[in-house]
Amino acid sequence: MADDAATVGDEFERERVPERALLGFKSFVGMYAGEHTAGTELMIGPLFVAAGVSAFDLLVGLLVGNLLAVLSWTLLTAPIATRARLTLYYQAERICGRGLVTLYNLANGVMFCFLAGAMVTVSATAVGVWVDFAPPQLNDVAPFPLPEGVYQSLDTFGLIEAEHTRRVESVNVGWIAAVFAVGLLTAVVAVYGYAFVARVANIAAPWMTLMFIAFGLVAMRQFIDATNAQIGSAADLWHFATTHLWKGGEPQPGQVKFTFWHVMFFAWFCNMAMHIGMSDLSILRFARKSWYGVATASGMFLGHYIAWIAASLLYALQLHNDPANTSVLPGPLAYQACGVAGLVCVILAGWTTANPTIYRAGLAFQAIVPSASRAKVTFAAGLIATVAGMFPAIAMKLLDFVALYGLLLMPMGAIIFADFYLIPKLRLRSDFAEFVGDRFNWAAGLTWLATLVTCCALVAYFGKDKIFFVGLPGWFVAAGLYIALSYLYQRRNRA
Amino acid sequence: MRLILQIVSWAALATTALAPVLFVAGQITLSHTKLMMLLAAIAWFVTTPLWMGRPKVDETLVI
């Protein structure tokens with residue numbers, strides 16, 4: 001069982017992965033393909049269209065961005081993972097000390113809860129096909145009325161554009177009940193039936209991948225029929241794509257305009273926490289060879305290329321049929337294209353990915369309070385995710401949220417990279433917190449904080465859409481700062 | 001038995017892939033496409049759990 005497998009002994013949480021436990025290339029191809037063909041892909045594809053993306057920017061931007069993501073895993077994460085063969089948490093603890101890793105776990109756990117909340121939102125939209133309630137709109141924040149001051153405060157922090165945000169006038173009981181039912185079920189299963197869900201996820205993965213492709217094909221045909229377009233050549237298809245599918249132009253009110261660079265950086269950095277943030281050290285430490293990092297291409301090009309494009313077609317068709325209907329509701333979109341099978345796909349895609357995310361959040365929280373039972377902590381994480389899922393703003397602003405999530409955890413990756421490769425070359429000591437028995441490496445802590453402050457300052461100065469770009473300079477800032485501060489920290493602690 | 005289940009599973013998967021292609025080619029209607037995909041989904045989820053992830057039993061040893 002997965003629950004049992006996550007115990008210290010079996011998961012090698014505080015030791016190198018032994019030779020006998022190493023896995024072959026195919027294991028990683030399947031795992032990454034399944035993990036990145038998730039419910040949230042059905043939100044992200046439509047949000048590109050809502051962001052006014054053009055055909056070239058989307059197709060080429062995703063191609064380049066996903067390629068850069070694969071290279072990041074292969075050239076940065078996997079070489080460290082296969083040499084150290086330690087979990088991210090243990091490696092970070094050796095460098096930063098237990099106190100700082102506890103803070104990292106807290107940040108990680110909270111972000112996992114919000115991400116799982118977005119997945120619950122996706123599944124709950126499917127309930128709306130059968131049960132009559134008002135679905136959330138693209139620019140909704142909460143399912144109940146909020147004081148005007150809240151909208152203005154969120155606007156001040158750059159989280160929403162108050163001008164374009166819909167003011168909900170009454171409590172949307174139907175939506176709250178739908179999310180609560182889906183979220184509660186997900187939380188309970190995450191506690192008691194994780195192994196069952198993992199099995200369902202494995203079985204559903206090949207079918208779901210084909211369903212995502214089906215969404216795109218069916219939507220494309222419906223689009224051609226709706227426009228009476230004649231497609232007889234590749235040139236016709238490209239003309240159709242640029243004039244109907246991804247026309248570019250102004251984004252929907254309240255959405256950031258996406259250019260080639262936005263798409264490319266989003267595709268590259270939407271999993272920033274996992275590659276340059278080094279979260280996937282915990283996974284790739286089981287790889288026999290570091291080049292197994294290229295297995296991530298299965299997830300990037302099936303989930304973050306084909307699935308995003310297919311989902312974007314569903315939304316583009318909806319906008320073509322009714323320009324006033326800007327809601328991004330994966331359930332109805334999938335049902336309209338592929339019927340009940342499409343709806344089942346949405347529910348499964350959201351459910352099977354929300355469950356491990358809640359489970360991971362529970363593990364992160366449990367690391368902070370080791371005496372708490374895993375079941376209780378996981379259930380609490382599930383409830384937080386459920387409450388988060390009730391707020392449409394998280395799912396409807398998923399592009400921004402994913403960028404923020406990566407940004408928050410990225411500095412730890414730069415610290416690990418610098419500590420692994422650069423610190424020994426500069427005659428400093430790697431894993432210094434473990435060496436001196438320190439609980440809080442303030443060089444690493446200050447690096448994390450200063451990097452986030454720098455990134456926030458850059459976003460505040462250059463505009464909030466730059467949140468998709470600042471991860472790149474931020475990573476170098478973090479690596480440089482960590483080296484400089486380590487000089488001071490190690491000299492002081494050795495004296 | 002395992003082989004039969006696998007054949008049904010792969011046929012279901014092939015149907016899931018084929019139905020939208022036939023729709024794009026104008027060979028079947030949307031309602032037929034949806035029906036084919038639903039039946040394929042049922043076939044996949046009924047048969048696949050019976051063999052996927054389960055150890056292969058050497059039938060010569062089961063007497």
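Novice: Where do I start with the nonpolar core in this structure?
Specialist: Nonpolar side chains in soluble globular proteins tend to end up buried together. Residues and elements named next belong to chain A. Counting residues in each nonpolar core, the largest one holds 190 residues, and the members touching the most others are F48, A116, M211, F215, L313, L314 and A334. When residues in this core are grouped by element, the largest group, 22 residues, is from helix α15 (residues 330–368). In contact with F48, not counting residues within four places along its chain, are V53, L58, F258, V263, W308 and S312.

Novice: Would you take a moment to explain the environment of A124 of chain A for this structure?
Specialist: Residue and element names in this part refer to chain A. Among the structural elements, A124 can be located in helix α7 (residues 98–130). Using a count of 32 C-beta atoms within 10 Å as the deciding quantity, one classes A124 as buried. Sequence spacing of A124 and I347 is 223 residues, and the spatial spacing of their C-alpha atoms is 7.7 Å.

Novice: What am I meant to see in the confidence of the model for chain B here?
Specialist: Low-pLDDT stretches of the model should not have their predicted coordinates read in fine detail. The pLDDT averaged across chain B works out to 89; a share of 89% of its residues lies at or above 70. Here residues 59–63 of chain B scores under 50 on pLDDT; set against residues more than four positions off or in separate chains, the count is one contact.

Novice: How should I be thinking about the packing of helix α5 (residues 55–84) of chain A against helix α14 (residues 296–321) of chain A in this particular structure?
Specialist: Residue and element names in this part refer to chain A. With their axes 9 Å apart at the nearest point, α5 and α14 run at an angle of 160 degrees to one another. It follows from the interaxial angle that α5 and α14 lie roughly antiparallel. Considering how the two elements wind past one another, α5 and α14 form a crossing that is right-handed. Mapping the contact onto sequence places L62, N66, A69, V70 and W73 in α5 and T296, A297, M300, F301, H304, Y305 and W308 in α14.

Novice: What is the right way to read the confidence of the model for chain A from this model?
Specialist: For chain A, the mean per-residue pLDDT works out to 91, and 97% of the residues sit at or above 70. In this model, residues 1–10 of chain A is a region of pLDDT below 50 whose contacts with residues beyond four sequence positions or in other chains number 13 contacts.

Novice: How do you make sense of the environment of A204 of chain A when you look at a structure like this?
Specialist: With respect to the element layout, A204 of chain A can be found in helix α10 (residues 194–227). Its 24 C-beta neighbours within 10 Å are what place A204 of chain A among the buried residues.

Novice: Which parts of the structure should I look at to understand the interface of chain B and chain A?
Specialist: For an interface, size is often stated in terms of accessible area lost upon the parts coming together. Listed per partner, the contact involves 17 residues of chain B and 17 residues of chain A. Among the elements of the structure, α1 (2–24) and α2 (30–47) of chain B are those that each provide at least two residues to the side of chain B that touches chain A. Here the side of chain B that touches chain A takes seven residues from α1 of chain B, the largest share from any one element. By residue class, the composition of the side of chain B that touches chain A is twelve nonpolar, four polar and one charged.

Novice: Would you mind going over unusual backbone geometry with me for this structure?
Specialist: Excluding glycine, residues mostly carry a negative phi; peptide bonds, for their part, are mostly trans. Residue and element names in this part refer to chain A. Positive phi outside glycine occurs at N228, with the angle close to 55 degrees. The topology assignment puts N228 in the loop between α10 and α11 (234–245). Phi is positive for D431, close to 50 degrees, though the residue is something other than glycine. By the element assignment, D431 lies in the loop between α18 (398–425) and α19 (432–436). Take D431: there are 17 C-beta atoms within 10 Å of it, and that puts it in the partly exposed class.

Thresholds, definitions, all that
Residues numbered from 1 in each chain as written. Chains lettered and ligands numbered in written order. Predicted model: local features only at pLDDT ≥ 70, side-chain atom pairs only at ≥ 80, totals over all residues. Core = buried A, V, L, I, M, F, W, Y, C linked by C-beta atoms within 7 Å. Buried ≥ 20, exposed ≤ 12 C-beta atoms within 10 Å, placed from the backbone. Helix = DSSP H or I, 4+ residues; strand = E, 2+ residues; numbered from the N terminus. Contact = placed C-beta atoms within 7 Å. pLDDT = per-residue confidence, 0-100. Axes fitted to C-alpha atoms, helices over the stretch in contact; angles between N-to-C directions. Parallel < 35°, antiparallel > 145°, perpendicular 65-115°, else oblique. Left-handed = near helix turned anticlockwise from the far one by under 90°. Nonpolar A, V, L, I, M, F, W, Y, C, P; charged D, E, K, R; others polar.

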